[in-house]
Amino acid sequence: MSSVRRARPWLGTLVDIRVDGMESTSALRAIDAAFAEVAMVHRLMSFHSDDSDLARLHNARTGTCVRVNARTGEVLDWALRVAAASDGAFDPAVAAAQVARGALPVPRSTFVPDADASWRDIELPGGEHVRLRRPLWIDLGGIAKGYAVDRAIEVLRAHGAIDACVNAGGDLRVAGALVERVHVRDARGGIAAELELSDGAVATSGCASAHRDGASRRAAEPEITVSVVAPRCMVADALTKVVLARGDAARAVLAGFAAQAWTHRAAHGWRQLDRVA
Amino acid sequence: MQVRWLLSAGVGATVVAQAAYAVQYMTVEQAQQAAFAQGSRFVPVAATIDTSALGAPSGWMPLVWRVQRDAETIGWFFEDAVIGKSELITYALALDASGKVTSLEVLEYRESHGGEVRLAGWRNQFTGKTAADAVALDRDIRNISGATLSCRHLTEGVHRLLQLYTHVLAAKP
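So, a few notes on the structure that sits alongside this text.

Cut-offs applied
- Residues numbered from 1 in each chain as written.
- Chains lettered and ligands numbered in written order.
- Predicted model: local features only at pLDDT ≥ 70, side-chain atom pairs only at ≥ 80, totals over all residues.
- Helix = DSSP H or I, 4+ residues; strand = E, 2+ residues; numbered from the N terminus.
- Buried ≥ 20, exposed ≤ 12 C-beta atoms within 10 Å, placed from the backbone.
- Contact = placed C-beta atoms within 7 Å.
- Rg over C-alpha atoms; globule rule 2.2 N^0.38 Å.
- Pairing = 2+ DSSP bridges.
- Core = buried A, V, L, I, M, F, W, Y, C linked by C-beta atoms within 7 Å.
- Axes fitted to C-alpha atoms, helices over the stretch in contact; angles between N-to-C directions.
- Left-handed = near helix turned anticlockwise from the far one by under 90°.
- Nonpolar A, V, L, I, M, F, W, Y, C, P; charged D, E, K, R; others polar.

**Quick notes on the overall build of chain B**
So, step 1. When helices and strands are counted, chain B shows 3 helices and 8 strands.
So, step 2. Ordered by position from the N terminus, the helices and strands of chain B form the series β-β-α-β-β-β-β-β-α-β-α.
So, step 3. Every one of the 173 residues in chain B was classed for burial, and the buried ones make up 29%.
So, step 4. Taking the intrachain contacts of chain B between residues at least 6 apart in sequence as the baseline, contacts between residues at least 24 apart amount to 58%.

Right, dumping it as structure tokens:
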């Protein structure tokens, strides 16, 4: 029994998929199917492309119900849960501010986004429909990569894989009996720590500059690195942004998602965010 | 879910290792076999490449194969390398007979030593190296979480190969 590992460029990064302990022809078939799923998530949730679900939302009349793929519905549902729990520190609806700063390209859109719009203006009437109450642009960049990793793990399992590891540029999930050692990078790119993970996910957001609190729009502290460990990669991914924005105040949010976080600052080294008593 | 943080937190606990991360995913032969049906022949093509016309860096030298079945050309296969700020990626691209991409696989990914990159020196260590050469890699590093790996250079590389196909290979009889 071997280990089969492949990497392909998706989601603006390299996606690395590994299956252990499976006969290689079956493992390759499972890996191909998992990459096809990652590609699907990429196409549906791309902010840049003109035929993604997001593009369709950005070109629909405000207030109308737009049908989206169930995957997009699921990611939006979780994005809104994290937004609600963090009081908007994570907010998928503030893409217009990022576009204004040049952090995202200007999407093709039939409307000018409302500067006061937030996640509260996104409605999900059922799993495959979205309604925007105000004109706003959605960016799922802070959560879709983690979701793609979760979906890849599910597809691998559906193809009979048990021990597997998927890593999309640092958003990583381990399944089965594997105990994976993960090296975590600090904001400058050095390897700063190691952790051992099984049956769970880790995501790391470095932050030299760009991240902003979705609610206050203030820039997060520079030169800080945040790693979040959670059962699902999508949640770990989104929560790194909450910790970047809120620091210790993110403790209660983490607890609500069964997640743990570590932060690294050049001056202080690594520190686990205190658990809620 | 189980997690064990292997580094005690606190002041001074910053850099554990200055090791290089590298993974070999596939060999060229494996990529060729995966991209084309059994019985395909891979005929090396010595393409004369005018790098400036294709907007490619000087010294760009992808390997090119014409893929044949009997006497018929059924596709094209390329092996190429791209160098980023801190990474070297070798990859394989397969096109069908009409020039449509049918597969793109990373063959090898190599990273520099932690944050201690001195660009010129680091690049030089790859010159003339093959996958078999050791470049002080730490084979224990299997997973990295952190600064997002960019695939921008890879995307640019694929674009250059498609240009090469369109302007040089497809034009050949």
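**A look at the overall build of chain A**
So, step 1. The number of helices and strands found in chain A is 7 helices and 13 strands.
So, step 2. The C-alpha atoms of chain A give 18 Å as radius of gyration, which agrees with the globular expectation for 277 residues (19 Å, within 12%).
So, step 3. Dimensions of chain A, computed from the C-alpha atoms along their principal axes, are close to 55 × 45 × 35 Å.
So, step 4. Buried positions account for 54% of the 277 residues belonging to chain A.
So, step 5. In chain A, of all internal contacts separated by at least 6 residues, the share reaching a separation of at least 24 is 60%.

**Considering the pairing of strand S1 (residues 2-10) of chain A**
Residues and elements named next belong to chain A.
So, step 1. Inspection of the sheet shows S1 paired to strand S2 (residues 13-22) by 9 bridges, in the antiparallel sense. Note on S2: the bridge partner recorded for Trp10 is Thr13.
So, step 2. Linking two consecutive strands that pair antiparallel, namely S1 and S2, is a turn of 2 residues; a positive phi of about 60° is found at Leu11 within it.

**Side note on the nonpolar core**
So, step 1. Counting 120 residues, the largest nonpolar core has Ala152, Val202, Val228, Ala236, Leu239, Ala259 and Ala261 of chain A as its most contacted members.
So, step 2. Not counting the four nearest positions on each side in its chain, Ala152 of chain A is found in contact with Ile17, Ala34, Glu37, Val38 and Val166 of chain A.

**As for the sheet that holds strand S5 (residues 129-132) of chain A**
All names here are of chain A.
So, step 1. Spatial strand order, S3-S5-S4: 3 strands in an open sheet with antiparallel pairing. Only two strands of the sheet have a single neighbouring strand rather than two, namely strand S3 (65-67) and strand S4 (122-123).
So, step 2. Note: S4 against S5, 2 bridges, orientation antiparallel. Following the sheet pairing, Ile122 is matched in S5 by Leu132.

**Digging into the packing of helix H3 (residues 70-85) of chain A against helix H6 (residues 233-246) of chain A**
Geometry of a packed helix pair, given as the angle between the helix axes and the separation of the axes.
Residue and element names in this part refer to chain A.
So, step 1. Closest axis-to-axis distance for the H3/H6 pair is 10 Å, and the angle between their directions is 35°. In the crossing of H3 with H6, the sense of the turn from one axis to the other is right-handed. Along its contact with H3, which presents Trp78, Ala79 and Val82, the element H6 presents Met234, Val235, Ala238, Leu239 and Val242.
So, step 2. Of the residues assigned to the contact of H3 with H6, the class counts are 8 nonpolar, no polar and no charged.

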